[in-house]
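# Results of the structural survey
If you want the building blocks of each chain, they are given just below.
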Amino acid sequence: MKKLGFGMMRLPLLYPGNGRNVDLWQVRAMAEMFMDNGFTYFDTAYLYHNFFSEIVVSQCLVPFFPRDSYTVADKMPTMFLKEAKQMPEIFERQLRKCNLDYFDYYMMHDVNSSNYDSKVVPFGGFEFIAEKKKEGKVREIGFSFHDGAELLDRILTEHPEVDFVQLQINYLDWDDEGVQSRLCYETAVKHGKKVIVMEPVKGGTLAKVPEPVEYVFKNADPDASVASWAIRYAASLPNVMVVLSGMSNMEQMADNIGYMKDFKPLTDSERETVAKAVKVLRGAAEIPCTGCNYCVDAGCPMGIPIPKYFTLYNNEKLLGNIGFSVHEEYYWNLAENCGKASECLGCGNCESVCPQHIHVIDNLVKVKDLFEA
């Protein structure tokens, strides 16, 4: 399977502001271009486009192509579950909306520290999707994940039956202390699981980078789009099965196909270019935290993971709010088991050992105002 997947969550709209007003004619043309160039993977979900994305699959894909010529991934919406009996109802509704007899890939959606023990485990989420696989209504099962490597390791240990895991991976989050892309990828590899990549362009923000970063990329290859560096970075990882791209128009589709049809992994020289770009991005950080962890080691009495919060804050301020703040989600995932920024006592233990002389207490107030407002 070619490594580019069509993420159906940022489709072209006829009228901005209403996610259900999808430009079906353009999506139909995009799907045809996608399929004509040998790509087969389509990713949808229950809540995408105000609950309309699955219907788009039934109108723009299913009627026009043989069933064995494409694959469809869908997800059980953990965020809407209140009791276990909802799962079979939602699953059958999803099949009807997509006009399919089975899903090629099916996953528990957005498994994290706030819902794994409170919903996924007590509701038997993994047991449910495993049963659907036995019934032939699902070909492969997995889950999408926005959390830390420690929890991922626990889940994959407790559920070795899953075939794959969907992770947020991009060059900015690779060594991010909050998102932990590298650690999560390495954890999946350790468990022998295939990886599907989401947010390779970080909600589109790595396609519209600050001018100094764009200069780094254009200086290395004037003809390559900025987005192509992010997609190829993720696709170059050996255990990655497919990289999702939420394409919003024909131009983006054509650009992605141009460099992914005959995909070539990043060269050593290109990796150096990406490293330079990351350095420039990091240099623009509002809070100059280096992640040394001295502040944490000093013994914060509230257990606040200060460097991780500062990294999430810097990324959110640098890249801007993309509508749905994935950084905010990671913040609250961390806060489930750690102290919140608002719980800082102002004791000053952290500031007394910070080699960067950061005003930690004042900056934790900024974190609180951004993510807890």
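Please refer to the structure higher up on the page.
### Quick look at the overall build of the chain
A tally of helices and strands in the chain yields 17 helices and eight strands. Dimensions of the chain along its principal axes, counting C-alpha atoms only, are 65 × 55 × 40 Å. When the 373 residues of the chain are sorted by exposure, 52% land in the buried category. Across the chain, every contact between residues at least 6 apart in sequence was considered, and the portion connecting residues at least 24 apart equals 76%. Carbon and sulfur atoms form 51% of the exposed surface of the chain, whose accessible area is close to 16100 Å².

### Some details on the packing of aromatic side chains
This model, assessed by the stated rule, comprises 23 aromatic pairs. A centroid spacing of 5.8 Å and a plane angle of 80 degrees characterise the contact between Phe91 and Phe103, whose relative ring orientation is edge-to-face. Here Phe91, found in helix α4 (residues 86-98), pairs with Phe103, found in strand β4 (residues 103-111); they are 12 residues apart in sequence, far enough to count as distant. Just as Phe91 is buried, Phe103 falls in that class too. Centroid distance Trp174 to Tyr185: 5.8 Å. Interplanar angle 50 degrees. Geometry classified as tilted. Taken together, the positions of Trp174 in the loop between β6 (164-168) and α8 (181-190) and Tyr185 in helix α8 put the pair 11 residues apart, joining distant regions of the chain. Assessed through its relative accessible area of 11%, Trp174 is described here as buried. Owing to a relative accessible area of 8%, Tyr185 belongs among the buried residues under this scheme. Through pairs of rings, three or more aromatic residues link up here, namely Tyr171, Trp174, Tyr185, Phe217, Trp229 and Tyr233. Between the NZ or CZ atom of Lys2 and the centre of the ring of Phe39, over which it lies, the distance is 5.8 Å.

### Here we look at the packing of helix α10 (residues 226-235) against helix α12 (residues 268-283)
Two numbers describe how α10 lies on α12: the axes approach to 11 Å, and their chain directions differ by 120 degrees. By the angle class used here, α10 and α12 are oblique. Like other packed secondary-structure pairs, α10 and α12 cross with a definite hand, here left-handed. The residues of α12 that touch α10, namely those facing Trp229, Arg232 and Tyr233, are Glu270, Thr273 and Val274. Class assignment for the residues of the contact of α10 with α12 results in three nonpolar, one polar and two charged.

### Things to note about the side chain of Lys75
Note on placement: Lys75 falls in strand β3 (residues 71-77). By relative accessible area, which is 0% here, Lys75 ends up buried. Residues contacting Lys75, with those up to four places away along its chain left out, are Asp43, Thr44, Ala45, Tyr46, Tyr48, Gln94, Tyr106, Met107, His109 and Gln166.

### So, the packing of helix α9 (residues 211-220) against α12
Between two packed helices, both the angle of their axes relative to each other and the distance between the axes serve to describe the pair. The contact between α9 and α12 brings their axes to 9 Å, and the two run at 170 degrees. Classed by the angle they form, the pair α9 and α12 counts as roughly antiparallel. The way α9 lies across α12 gives a crossing that is right-handed. Each of Pro212, Val213, Val216, Phe217 and Ala220 in α9 lies in contact with α12, whose residues at this interface are Thr273, Val274, Lys276, Ala277, Val280 and Leu281. Split by residue class, the contact of α9 with α12 holds nine nonpolar, one polar and one charged.

### Re α12
Taking 1.5 Å of rise per residue, the 16 residues of α12 would be expected to cover 22 Å, and the 23 Å separating its terminal C-alpha atoms lies within 8% of that figure. When we look at burial in α12, the residues that qualify are Glu270, Thr273, Val274, Ala277, Val278 and Leu281. Considered in projection along α12, the buried side chains sweep an arc of 140 degrees and stay on one side of the axis. Residues of α12 that are exposed and point over 90 degrees away from its buried face: Asp268, Ser269, Glu272, Lys276, Lys279 and Gly283.

Rules and cut-offs
Residues numbered from 1 in each chain as written. Predicted model: local features only at pLDDT ≥ 70, side-chain atom pairs only at ≥ 80, totals over all residues. Heavy atoms only, no water. Helix = DSSP H or I, 4+ residues; strand = E, 2+ residues; numbered from the N terminus. Buried < 20%, exposed > 50% of the residue type's maximum accessible area, 1.4 Å probe, protein only. Contact = heavy atoms within 4.5 Å. Areas by Shrake-Rupley, 256 points an atom, 1.4 Å probe, with all protein chains shown as cover. Phe/Tyr/Trp six-rings, centres within 6.5 Å; stacked < 30°, edge-to-face > 60°. Lys NZ or Arg CZ within 6 Å of the ring centre and 35° of its normal. Axes fitted to C-alpha atoms, helices over the stretch in contact; angles between N-to-C directions. Parallel < 35°, antiparallel > 145°, perpendicular 65-115°, else oblique. Left-handed = near helix turned anticlockwise from the far one by under 90°. Nonpolar A, V, L, I, M, F, W, Y, C, P; charged D, E, K, R; others polar. Expected span 1.5 Å × (residues − 1). Arc of directions from axis to C-beta.

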